[in-house]
Amino acid sequence: MSDSFESQRFGKTVWLTNHAIESMAKRQVTLNEVQVLIEQGTLAQKSAGHSWISHRFPTRNDNLVCAAIVEAQAVIIKTVMVNWRERGSQ
């Protein structure tokens, strides 16, 4: 699996940490799904430079897929989660 790709949305390289790659494998999230998540997902800023991006994939039974990211000179995906809910949501 490649550990980086280019994002048109952010105009930056997206890097996947080893933890993100391991999380993807454990949760059976493909690189293509992560690319769709980055380009089309809903962005929620957590704090300066730190955000969540989430996206529903109708073909997956474990929605909502989410990535914790850091945005600086590149977008760094720290981890990938499934069945995600923002704190405070039901």
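None of these values were measured; they are calculated from a predicted model.

Brief notes about unusual backbone geometry
For the peptide bond that leads from N63 to L64, omega is 10°, which places it in the cis range. Of note, the phi angle at N83 is positive, near 55°, even though the residue is not glycine. Within the secondary structure, N83 is located in the segment after strand 6 (75-81).

Some remarks on the nonpolar core
Within the largest apolar cluster, 18 residues are counted, with the highest numbers of intra-cluster contacts made by L16, V34, I38, I69, I77 and V80. Within the residue set of this core, elements represented by two or more residues are strand 2 (12-16), helix 1 (18-27), helix 2 (31-40), strand 5 (65-71) and strand 6. Setting aside chain neighbours within four positions, we find V80 in contact with A20, S23, M24, R27, V29, V34, V65, C66 and A67. By size, the runner-up hydrophobic cluster in this structure holds five residues, among which are L64, C66, M81 and W84.

Examining the pairing of strand 4 (residues 50-55)
As paired strands, strand 3 (residues 42-47) and strand 4 are joined by five bridges and run antiparallel to one another. Looking across to strand 4, one finds that Q45 is bridged to S51. Count of turn residues in the strand 3/strand 4 antiparallel hairpin: two residues, of which G49 carries a positive phi of about 85°. Bridge count for strand 4 against strand 5 is six bridges, and the pairing is antiparallel. Within the sheet, the bridge partner assigned to W52 lies in strand 5 and is A68.

Focus: the pattern of salt bridges
Taken as a whole and assessed by the stated rule, the structure comprises three salt bridges. Between R60 and E33 there is a salt bridge whose closest N-O contact spans 3.0 Å. Separated by 27 residues along the polypeptide, R60 in the loop between strand 4 and strand 5 and E33 in helix 2 bring together distant segments of the chain. Just as R60 is buried, E33 falls in that class too. For R60, the salt bridge is made with D62, and the minimal N-O distance between the two is 2.7 Å. Each member of the salt-bridge network shares a partner with another, and the members are E33, R60 and D62.

Procedures and definitions
- Residues numbered from 1 in each chain as written.
- Predicted model: local features only at pLDDT ≥ 70, side-chain atom pairs only at ≥ 80, totals over all residues.
- Heavy atoms only, no water.
- Helix = DSSP H or I, 4+ residues; strand = E, 2+ residues; numbered from the N terminus.
- Core = buried A, V, L, I, M, F, W, Y, C linked by side-chain atoms within 4.5 Å.
- Buried < 20%, exposed > 50% of the residue type's maximum accessible area, 1.4 Å probe, protein only.
- Contact = heavy atoms within 4.5 Å.
- Pairing = 2+ DSSP bridges.
- Salt bridge = Lys/Arg side-chain N within 4 Å of Asp/Glu carboxyl O.

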